[in-house]
Amino acid sequence: LVSALLVVGVVSIGVQRGIERMSKLLIPGIFLILFGLLAVTAVRDGFGDGLEFFFSPDLSVLSDPGIWSAAFGQVFFSFSVGQGILLTYGSYIGESTSIPRSAVLIAAADLLVALLAGVIIFGIVFSVPGLEPASGTELAFTVLPAGFAELPFGSVVGAAFFGMLFFAAISPSVSMLEVGVAGLKQATGWSRRRTSLVVGAVVVLGGLPSTLSYSAAEVSLFGRPFLDGLDATVGTLGLPLGAVAIVWIFAWGQDRATVRSQLGDTIVLPLVSYAV
């Protein structure tokens, strides 16, 4: 609830005074924490084993469609594709901004953060005897805390890691809330503050089952934690399907001359070809 109030507060302030200022503070902070954690982890015994585990692929699983589905779902979520975020934020940028250049820079930065996080996480897991790597939420919220408890100054390292995780979650939460706020504000003419409160309240209510999945309430669906089920369906399948729908809308529904004037032929032509 505190996190939700923080996100609603940032969005209600506005794009430049709220979202832009927050991003300028949080993104450098995330990188600082990541490099600090990397320095702490790199001197631990077992760090090399963690690197070997992380960077040794099991090529036999590439024939599993579930692996590809999960990978694409993660990429779509991480890049904010198929959620309306890029469209909403894109409406705020200046005409001189290069979309292809921004896309490459964002993809490179996202990949760097993912690699750093993986190196740190598995470096910690393999530096503590008895810990086994896991996947998904269990790795972050069960295995890693057990590892932090065995490290010197583990409480400080754990606080830094989960602080980074918190910062990394706030930024996309703001972007996702902005999509609904921008749309509802334009449709109703309400003030940004009122719209943010209404959309925020709806999101909080809708998010309660996921929030309570790993609490004492153990909210589940068909014997599976609600959060995991939502991630496996909406996160893995919903985002790619949403992105394909957006491509179809822009390739067939939107006026092509308008799209070409904004993006140029180097992007529009492959977009139309993909839709066909």
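Residues numbered from 1 in each chain as written. Predicted model: local features only at pLDDT ≥ 70, side-chain atom pairs only at ≥ 80, totals over all residues. Heavy atoms only, no water.

**Details of the side chain of S80**
Now for step 1: If you trace the backbone, S80 turns up in the loop between α4 (65-78) and α5 (85-90).
Now for step 2: The residues contacting S80, other than those within four sequence positions of it, are I85 and L86. (Helix = DSSP H or I, 4+ residues; strand = E, 2+ residues; numbered from the N terminus. Contact = heavy atoms within 4.5 Å.)

**Brief notes about helix α8 (residues 154-188)**
Now for step 1: The terminal C-alpha atoms of α8 lie 50 Å apart, and with 35 residues this matches the ideal 51 Å at 1.5 Å per residue to within 8%.
Now for step 2: Taken residue by residue, α8 has G154, V157, G158, F161, M164, I170, V174, S175, L177, E178, V181 and A182 as its buried positions. (Expected span 1.5 Å × (residues − 1). Buried < 20%, exposed > 50% of the residue type's maximum accessible area, 1.4 Å probe, protein only.)

**Some words on the packing of aromatic side chains**
Aromatic ring pairs: the centre-centre distance and the angle between the two ring planes describe each pair.
Now for step 1: In total, this model carries 10 aromatic pairs according to the counting rule given.
Now for step 2: The ring centre of W190 lies 4.2 Å from the NZ or CZ of R194, which sits over that ring. (Phe/Tyr/Trp six-rings, centres within 6.5 Å; stacked < 30°, edge-to-face > 60°. Lys NZ or Arg CZ within 6 Å of the ring centre and 35° of its normal.)

**Some thoughts on the nonpolar core**
Now for step 1: In terms of nonpolar packing, the biggest core is built from 19 residues, with V125, L144, F148 and F161 touching the most fellow members.
Now for step 2: Breaking this core down by element, the ones donating at least two residues are α2 (15-42), α6 (99-127), α7 (136-150) and α8.
Now for step 3: Among the elements that take part in this core, α6 stands out by supplying 6 residues, more than any other.
Now for step 4: Residues in contact with F161, not counting those within four places in the same chain, are L37, I121, L144 and F148.
Now for step 5: Of all hydrophobic cores here, the second largest spans 12 residues; its members include V10, I19, M22 and V174. (Core = buried A, V, L, I, M, F, W, Y, C linked by side-chain atoms within 4.5 Å.)

**Here we look at the packing of helix α1 (residues 2-13) against helix α9 (residues 192-211)**
Now for step 1: Where α1 meets α9, the closest approach of the two axes is 9 Å, and the angle between their N-to-C directions is 155 degrees. Taken as axis vectors, α1 and α9 run roughly antiparallel relative to one another. Pair α1 / α9 crosses with right-handed handedness. For the pair α1 and α9, the contacting residues are A4, V8, V11, S12 and I13 in the first and R192, R193, S196, L197, G200 and V204 in the second. (Axes fitted to C-alpha atoms, helices over the stretch in contact; angles between N-to-C directions. Parallel < 35°, antiparallel > 145°, perpendicular 65-115°, else oblique. Left-handed = near helix turned anticlockwise from the far one by under 90°.)

**Re the confidence of the model for the protein chain**
Now for step 1: Of the residues in the protein chain, 93% have a pLDDT of 70 or more, and the chain-wide mean is 83.
Now for step 2: Here helix α12 (residues 265-275) stands out as the least confident element of the protein chain, with mean pLDDT 53; α9 is the most confident, with 92. (pLDDT = per-residue confidence, 0-100.)

**What about the packing of α8 against α9?**
Now for step 1: It is the contact of α8 with α9, at a shortest axis distance of 9 Å, that shows an interaxial angle of 125 degrees. Classified by the interaxial angle, the pair formed by α8 and α9 is oblique. Remark: the crossing between α8 and α9 carries right-handed chirality. Contacts from L177, E178, G180, V181, L184 and K185 in α8 reach R192, T195, S196, V198, V199, G200 and V203 in α9.

**Focus: the side chain of T41**
Now for step 1: Residue position: T41 is located in helix α2.
Now for step 2: At a separation of 2.7 Å, a polar atom in the side chain of T41 contacts the main-chain carbonyl oxygen of L37. (Polar contact = N/O pair within 3.5 Å; in protein donor to acceptor, adjacent residues only side chain to side chain.)

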